Structures are given as C-alpha cells and as structure tokens.
Amino acid sequence: GKSPSERRKQSRKIRIYTFRNIAPRKRLEQAQKLALDEAISAGRSKAEFLAIMSHELRTPLNAIIGFSDILRNQIFGPIGNAQYLEYADDIYNSGTSLLTLINDILNVSRVEAGKFDIDESVIKIPDAVESCMKLLRNLALEKAVFMTAEFPADLPRLRADERLLKQMMVNILSNAVKF
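Structural notes, computed from the coordinates. Note that this is a predicted model, so its numbers are computed, not measured.

Overall, the coordinates contain 6 salt bridges when judged by the stated rule. Between Arg 72 and Asp 69 there is a salt bridge, with the nearest N and O atoms lying 3.0 Å from each other. One end of the pair is Arg 72 and the other is Asp 69, both in helix H2 (residues 23-72) and 3 residues apart, which spans about a single turn. Among the residues examined, Arg 72 registers a relative accessible area of 27% and is labelled partly exposed. Of the charged contacts, one joins Lys 166 and Glu 162 as a salt bridge, the two residues approaching to 3.3 Å between their closest N and O atoms. Pair noted here: Lys 166 and Glu 162 are both in helix H6 (residues 162-178), with a separation of 4 residues, about one helical turn. Given the relative accessible area of 33%, Glu 162 is considered partly exposed. Here the residues in one salt-bridge network are Arg 25, Lys 26 and Glu 29, joined through shared partners.

Right, let's talk about the side chain of Asp 161 for a bit. Inspection of the secondary structure assignment puts Asp 161 in strand S2 (residues 158-161). Here Asp 161 occupies a buried position and makes no salt bridge, while the nearest side chain of opposite charge, Arg 163, is found at 4.2 Å. From its side chain, Asp 161 meets the backbone nitrogen of Asp 119 in a polar contact 2.9 Å long. Residue contacts for Asp 161: discarding those within four places in its chain leaves Asp 117, Ile 118, Asp 119, Glu 120 and Ile 123.

It is worth spelling out the environment of Ile 64 at this point. With respect to the secondary-structure elements, Ile 64 resides in helix H2. Here the alpha-carbon distance between Ile 64 and Glu 120, two residues 56 residues apart in the chain, equals 31 Å.

Reading the values: the criteria
- Residues numbered from 1 in each chain as written.
- Predicted model: local features only at pLDDT ≥ 70, side-chain atom pairs only at ≥ 80, totals over all residues.
- Heavy atoms only, no water.
- Salt bridge = Lys/Arg side-chain N within 4 Å of Asp/Glu carboxyl O.
- Helix = DSSP H or I, 4+ residues; strand = E, 2+ residues; numbered from the N terminus.
- Buried < 20%, exposed > 50% of the residue type's maximum accessible area, 1.4 Å probe, protein only.
- Lys, Arg positive; Asp, Glu negative; His and termini not counted.
- Polar contact = N/O pair within 3.5 Å; in protein donor to acceptor, adjacent residues only side chain to side chain.
- Contact = heavy atoms within 4.5 Å.

That's the geometry; what it means functionally is another story.
Right, dumping it as structure tokens:
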C-alpha cells in the first residue's frame, strides 16, 4: 500500500563520510607528554640537588654553630677580649639564621614533592608565643621595640605542628620588629 515515490524514499540510503586530519592533535598530545616528562625529570633533579646541597651545607654549618657556641659560652675558659665574645655571638646567630634558611628551602621542596610530614600535637598558644618572643628579645632590644603578648584566660589549645607554628610566628614577629 505505499506509493512508488514513498518506496523510493525509503529504499535510498544516504551515507555521509567525514575525514579529519588528526595529525595536529597527535603532535600536540606528544608535545604535552614530552613536556610532562621533562617537568618530572627537572623536579627529580631539583630534589636530588637540594638533598645533596643541604647535606654539604649543613655539615660545616653545624660545626661553625657548635664551635661558635663553645666560644660564646666560654666552655674552655674565659676569653680575654669582650670583642671576641661579640664576634662569637654574631657567628652563632648568623650560622643559625643560615641553617634556618636552608631548612626552609628544603621544606618548600618537600611540600612540592608531597613528602612533607606534619607532626601534630596539642599546643598552648601562650607558651609557643612566649618562646618565640624570647628568641627575638635581642633583636627587639637592638631596634628599640617593646614586645608584649596578652591572651584571654579561656583560650583553647591548638592542634598543630609546634615547630611549624613557631617558625611562622618567628617570621611574623621578626618582620614586625625589623619593619
């Protein structure tokens, strides 16, 4: 019961083919893979370099800090000239600052590599702040800056990495004192 024109319309099959050149996409994918491989290799090289340099720098630096500490505390007897004690203090403080800087650089590298561990504990904030203020007392005296801290009696304890918290507070307080 269909008319001839209807039968012709149904019997015709139209096929459409499209062709695309995917060579540019494949080149882009290959370039992206190469760039990723290079970035991973550069990251590994950076991590290896920092690990080697940290060891090479820390070993003599720890000796410098240790010997300057012996001198400034006059462990083997009094030092005749007070100027030598000031120099020993300067060497000790500079060495300690440099060691902190090296450790900070290594921490950034560990964070980037996803290998940084946080050692959480429960901390009394006033104790941590007071400890940091003691470290900066001499700097504050040199700059004629008065530091004080007040805390509410009901201040809760904080769960954090105490070393990192103190590092952060020392950075903030030292910047406040310096500037």
